[in-house]
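# Report on the structure
The chain contents come next:
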Amino acid sequence: MLNGFRKIWVFFDQGRGGALATPARNDGQGEFLENRFPEFEGKVTHVNIADISKEGAYDDAVKGVDAIIHSASPVVFSWEDPSEVVGPAVAGATGILKSAHKFGTKVKRVVLTSSSVAVHNCDYDGEQKEERSWDETEWNDTGLNAPLTKTSSPWLVYNAAKVRAEKASWDFVEAAKPPFDLVTILPSFNFGPYIHNVGKSLGSTPGMFLSTLPAGDTSGKLVGDWVDVRDSAKLHVLALESPTLGGERLLSTNGLFAWQDLYDVLNAAGYDAP
């Protein structure tokens, strides 16, 4: 069994994760995460990793680590050049694998957070190309192969960043044959409570929702699939603990939604939504 890890690093956008450890871009974020879970005082630590795309950024962090969850990836829809999004996504994902291969002598498994967009083909506007079923054996060929320019759709660039980072990770594992195995989690839109330090931006999915509130999108058109962020978290833990999941891609969703579904919840709670 893979459970009973003594030390796990969780690399994600807000910080670095020791007996559970978390990475952080600065001390303020790291300290917030340590203090967020007082019941685990002394068991959660952090270290600063300012730039996940830097060569060897994780080299020291992976030493003595038993398992890794890597969820750090830029979710940006405004940029000067697509390389600002795709480059760090790919370099961050493959960088953690390279560091684990070189210096993570105890690492048994790496769990990488990808996205459901890494599976299904979307056109340049993010619309699904055809009515059909998609499964974990397939790849978003548009995101993998489409040329990216400064005028590319932000949605296409996001698709490309997610699918290229995951594909590069599997390619590395296949070529390098490290002593650990890889599991990827492919969630749809994550909704749910926050545990990290909320700054000027709420982040990707909630940020997209809040951006629709002023004018409202009452068309009732399906936006896509959604998953409860707590279910995503449980799936990451399961991916660490289950020995049979090595080498798997795990899709996760709770169902379909339109923005109106969320407006209805807000209105029922007394908020003034469309």
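In what follows, the structure referred to is the one given above.
Here the structure is a predicted model, which is why all the values come from computation and not from measurement.

### Here we look at the packing of helix α2 (residues 83-103) against helix α4 (residues 154-176)
Between α2 and α4, whose axes approach to 8 Å, the crossing angle comes to 20 degrees. Comparing their axes, α4 and α2 come out roughly parallel. Between α2 and α4 the crossing geometry is right-handed. Residues V85, V86, A89, V90, A93, T94, L97, K98 and H101 of α2 form the contact with α4, whose own contacting residues are V157, A160, A161, R164, A165, A168, S169, F172, V173 and A176. Taken together, the residues of the contact of α2 with α4 break down into 14 nonpolar, three polar and two charged.

### Topic: the sheet that holds strand β11 (residues 255-257)
Strand order in the open sheet formed by three strands is β8-β9-β11, and the pairing between neighbours is mixed. Strands with a single pairing partner mark the edges of an open sheet, and in this sheet they are β8 (189-191) and β11. Along the sheet, successive strands turn relative to each other by an average axial angle of 50 degrees, direction set aside. One ladder, built from three bridges, connects strand β9 (residues 224-228) with β11; its direction is antiparallel. Paired with W226 across the strands is G255, a residue of β11. Here helix α6 (residues 229-241) sits on the sheet in contact with β8 and β9, set at roughly 70 degrees to β9.

Cut-off values and rules
- Residues numbered from 1 in each chain as written.
- Predicted model: local features only at pLDDT ≥ 70, side-chain atom pairs only at ≥ 80, totals over all residues.
- Heavy atoms only, no water.
- Axes fitted to C-alpha atoms, helices over the stretch in contact; angles between N-to-C directions.
- Helix = DSSP H or I, 4+ residues; strand = E, 2+ residues; numbered from the N terminus.
- Parallel < 35°, antiparallel > 145°, perpendicular 65-115°, else oblique.
- Left-handed = near helix turned anticlockwise from the far one by under 90°.
- Contact = heavy atoms within 4.5 Å.
- Nonpolar A, V, L, I, M, F, W, Y, C, P; charged D, E, K, R; others polar.
- Pairing = 2+ DSSP bridges.

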